[in-house]
Every structure is written in C-alpha cells, then in structure tokens.
Amino acid sequence: MKNINLNIEKVFGFVPKEQIFAQEAKANECIATLHDGNGAGNDFLGWLHLPSSITDEQLTDIENTANALRSKCEIVVAIGIGGSYLGTRAVVEAMNNSFDALHTTDRKNPVLLYAGHNIGEDYLYELSEVLKGRQFGIINISKSGTTTEPALAFRILKKQLEEAVGKEEAKHRIVAITDAKKGALRKLAAQEGYKTFIIPDNVGGRFSVLTPVGLLPIAAVSYTH
C-alpha cells in the first residue's frame, strides 16, 4: 500500500520554505497528541480507527439489512440532521448518477430521500405526498431520539408507513441507528422491535459516515452492479 505524499513546492512563492518548516516540531507534537489520545477532546477520537475498526460481522449485518430494505422499498428515507446525513448525501451524490432519481426504468437501487434535516412544513408535506402509493422504508438516525427536526419527521413518516402497510410490516421497514443503551429512540426501537445499529460514543457526527450512520443508507441505495 502506498502512502500519500504531499508536494508543497508550489507554495514557496507565497510562503517562505523556512517559515513552513519552522512549524514542523509543533505539527509533530500535535500528531503525537492526537494518536496518543491525551489531548483535549480525546473522548471523540474513534474516527481515527474508522473504518478499520468495523468487524466483518458488522459489515455483513449492514449489508444484510441494506438488502432487506432494497428488496421491499423503492424509496428509502434517511432521517437525520447535520453529520447524520451530510456525509451520506455527499457519498451517494458522488457515486451515483447525477440524475439517479429520474432513472425509473429497470432500476436496481431504491431512491434515497432525506428528512429531519429541516423543520419546513412544506418539505414534509411534499415528501409525504411523494411517498403516497410507493413502497418505502425509513432509516432513523438520532443519538437521543429527541432532536426536534428528526423526531418530528419520524413521527409523521412512521404514521404514514404504518397506515400504508400495517404496523407489523412497518417494523420490518424501519431501522434505528442510535445510542447503544439510552435515549428515546433506543427505548422506542426496543418496544417496537426495530432493527438497530449503534452510533459509537467516541465518534462525532461529522465523522459518522464511516459508521452505520452512513454505511447503511449508502449500501441500501448503491448500485448492485
């Protein structure tokens, strides 16, 4: 495996080489602090070991769940805000056709739509209208389950899904990605029997795309060929 090399020679016309390399000792100190985990914020360094810290068993579980959603749904709605959806959206838009949602003939992957990232009533109404008469599933992403925007979106879409396919079938189309032990969503998932994945305590939202937060929706809607 090759290492990444950085060539900064083009910068020397703007910043003297000596000035840049004068920061070397401080840069090495910061890198050592980061990898030793003894600096401020060291309880959120789980991203350093992603995705290598994810086991084969966890990846298989994610793939199986993605395939289950794919088999039942023509649309998957990812509910989340901030880092809980931005990384996913960036990857899906980068990897898929720019007009993927408009390719309706013989498509093999569900369309991924987003909710819970704003509180606009027009957006939620229009999303609900799009979902009418369509087979859809929900990936609900929230550490606490009480963040206003995702919580509101989930309540609306959960009700719509249950009315469309029945409560028993709906629970097989809803996946909760949340805290391992606590929170409103964890409690609800246990009560309703939803498939769940864990948001690691030591991974901040902006890095969570390399956890089930991003890997599951990406796998659910990515091309199979």
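Residues numbered from 1 in each chain as written. Predicted model: local features only at pLDDT ≥ 70, side-chain atom pairs only at ≥ 80, totals over all residues. Heavy atoms only, no water.

Going through the model one piece at a time under the given rule, you end up with 16 salt bridges. When the shortest N-O distance is used, the salt bridge between Lys26 and Glu29 registers 3.9 Å. Placement of both Lys26 and Glu29 in helix α2 (residues 24-36) is noted, with a separation of three residues, approximately one turn of the helix. Among the ionic pairs, Glu74 bridges to Arg134, the shortest N-O distance being 3.8 Å. Note that Glu74 is positioned in the loop between α3 (56-72) and β1 (75-79) and Arg134 in the loop between α5 (121-131) and β3 (136-141), a separation of 60 residues in sequence. (Salt bridge = Lys/Arg side-chain N within 4 Å of Asp/Glu carboxyl O. Helix = DSSP H or I, 4+ residues; strand = E, 2+ residues; numbered from the N terminus.)

Taking 1.5 Å of rise per residue, 18 residues should cover 26 Å, and helix α6 (residues 148-165) covers 26 Å from first to last C-alpha, within 8% of that figure. Positive backbone phi, at 95 degrees, marks Gly166, one or two positions downstream of α6. (Expected span 1.5 Å × (residues − 1).)

Here we come to the sheet that holds β1. Across the sheet, five strands lie side by side as β2-β1-β3-β4-β5; this open sheet has parallel pairing. If you trace the sheet from one side to the other, it starts and ends with β2 (111-115) and β5 (195-198), each paired once. Strand-to-strand, the axes of this sheet are offset by a mean angle of 20 degrees, without reference to chain direction. In the sheet, β1 pairs with β3 via five bridges, with the strands oriented parallel. Bridge assignment links Val77 to a residue of β3, and that residue is Ile138. Here α3 sits on the sheet and contacts β3, β4 (174-178) and β5; the angle it forms with β5, its principal contact strand, is near 140 degrees. (Pairing = 2+ DSSP bridges. Axes fitted to C-alpha atoms, helices over the stretch in contact; angles between N-to-C directions. Contact = heavy atoms within 4.5 Å.)

These values are about where atoms sit, not about what they do.
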